[in-house]
Amino acid sequence: MAKTKLLKQGDAVPDITLTGAGNQPVRLRDLVGQKVLVVYFYPKDDSPGCTAQACGLRDQYEDFVAAGAEVVGISGDSVGSHEGFAAKHRLPFKLLSDARGEAREAFGVSTSFLGLLPGRVTFVVDRSGIVRDSFESQLRVGEHVRRALELVRTLAQEGTAPASK
């Protein structure tokens, strides 16, 4: 896989299709428009850091929804692994399988820790499909949740995201 640059503020979200629950295709661009999109890349289902991050997003999910956002998690794990992970931890948001690494490449998410571990990056994409922020940290999993929710709330106040009724 060729090394690409991490998407940054002002970049358009890539038009890619991944596999979701029930092996159904999910086109990321189709999720843009009605809501702000929080797209988070994580290394592995059921690993300690990834579980903490997913559960943090789960615990704040209603706050994300109330501020006009949807959350989508992406890793290289299989759909079956995602379905088990989501059921075990009661995750209310989509988990998409990027088995071939196409989404990681399109978003510029590289590996970390000597190239052994897939990177952990969270993107906030506005309703126009433009990246408003990206945050990369393998270890500060709680910061991914806090920072994304803060920006989603700011976008809602600006009128960029629809507020809940």
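Residues numbered from 1 in each chain as written. Predicted model: local features only at pLDDT ≥ 70, side-chain atom pairs only at ≥ 80, totals over all residues. Heavy atoms only, no water.

- Looking at an unreviewed UniProt entry, the chain carries the name thioredoxin-dependent peroxiredoxin, with the source organism given as Corallococcus macrosporus DSM 14697.
- Listed under Function (unreviewed entry) in UniProt, the entry text for the chain is "Thiol-specific peroxidase that catalyzes the reduction of hydrogen peroxide and organic hydroperoxides to water and alcohols, respectively. Plays a role in cell protection against oxidative stress by detoxifying peroxides and as sensor of hydrogen peroxide-mediated signaling events."
- What UniProt states about the chain under its Subunit (unreviewed entry) heading is, verbatim, "Monomer." (UniProt positions renumbered as here; feature names shortened; annotations may be inferred.)

## Some points on the UniProt feature "active site" (unreviewed entry) in the chain
Phase 1 of the analysis: When the UniProt feature table is mapped onto this chain numbering, "active site" (unreviewed entry) sits at C50.
Phase 2 of the analysis: Along the chain, the position of C50 falls in helix 2 (residues 48-66).
Phase 3 of the analysis: If near-sequence neighbours (up to four positions away) are discounted, C50 is found in contact with Y42, P43, K44, F85 and R120. (Helix = DSSP H or I, 4+ residues; strand = E, 2+ residues; numbered from the N terminus. Contact = heavy atoms within 4.5 Å.)

## Notes on the side chain of T51
Phase 1 of the analysis: Structurally, T51 is set in helix 2.
Phase 2 of the analysis: In this structure, T51 is in contact with D46, F85 and H89, ignoring residues within four places of it in sequence.

## A word on the pairing of strand 4 (residues 69-75)
Phase 1 of the analysis: Of all seven residues in strand 4, seven are buried; the element is thus mostly enclosed.
Phase 2 of the analysis: Along strand 4, one buried face is formed by A69, V71, G73 and S75 and the opposite face, lined by E70, V72 and I74, is buried too.
Phase 3 of the analysis: Bridge analysis of strand 4 against strand 5 (residues 94-97) gives four bridges, and the strand direction is parallel. The residue bridging S75 from the neighbouring strand is S97, located in strand 5.
Phase 4 of the analysis: On the question of chirality, the crossover connecting strand 4 to the parallel strand 5 by way of helix 3 (residues 79-88) is right-handed. (Buried < 20%, exposed > 50% of the residue type's maximum accessible area, 1.4 Å probe, protein only. Pairing = 2+ DSSP bridges. Right-handed = clockwise from strand over helix to strand, strands pointing away.)

## Considering unusual backbone geometry
Phase 1 of the analysis: Even without being glycine, N23 reaches a positive phi, approximately 60 degrees.
Phase 2 of the analysis: Given the relative accessible area of 58%, N23 is considered exposed.

## Regarding the packing of aromatic side chains
Aromatic ring pairs are reported here in terms of the distance separating the ring centres and the angle at which the planes meet.
Phase 1 of the analysis: Applying the stated rule across the entire model yields seven aromatic pairs.
Phase 2 of the analysis: Judged by centre distance (6.0 Å) and plane angle (80 degrees), the ring pair of F41 and F123 falls under edge-to-face. Remark: F123 occurs in strand 8 (residues 121-125) and F41 occurs in strand 3 (residues 36-41); sequence separation between them is 82 residues. In this pair, the class of F41 matches that of F123, namely buried.
Phase 3 of the analysis: Summarising the aromatic geometry, the rings of Y61 and F93 are spaced 6.1 Å apart at their centres and angled 45 degrees between planes, so their arrangement reads as tilted. (Phe/Tyr/Trp six-rings, centres within 6.5 Å; stacked < 30°, edge-to-face > 60°.)

## Looking at helix 2
Phase 1 of the analysis: In a regular helix each residue adds 1.5 Å, so 19 residues correspond to 27 Å; helix 2 covers 28 Å between its end C-alpha atoms and thus fits that length.
Phase 2 of the analysis: Every buried residue of helix 2 is accounted for by C50, T51, Q53, A54, C55, G56, L57, R58, Y61 and F64.
Phase 3 of the analysis: In the stretch just after helix 2, G68 is the one whose phi turns positive, near 90 degrees. (Expected span 1.5 Å × (residues − 1).)

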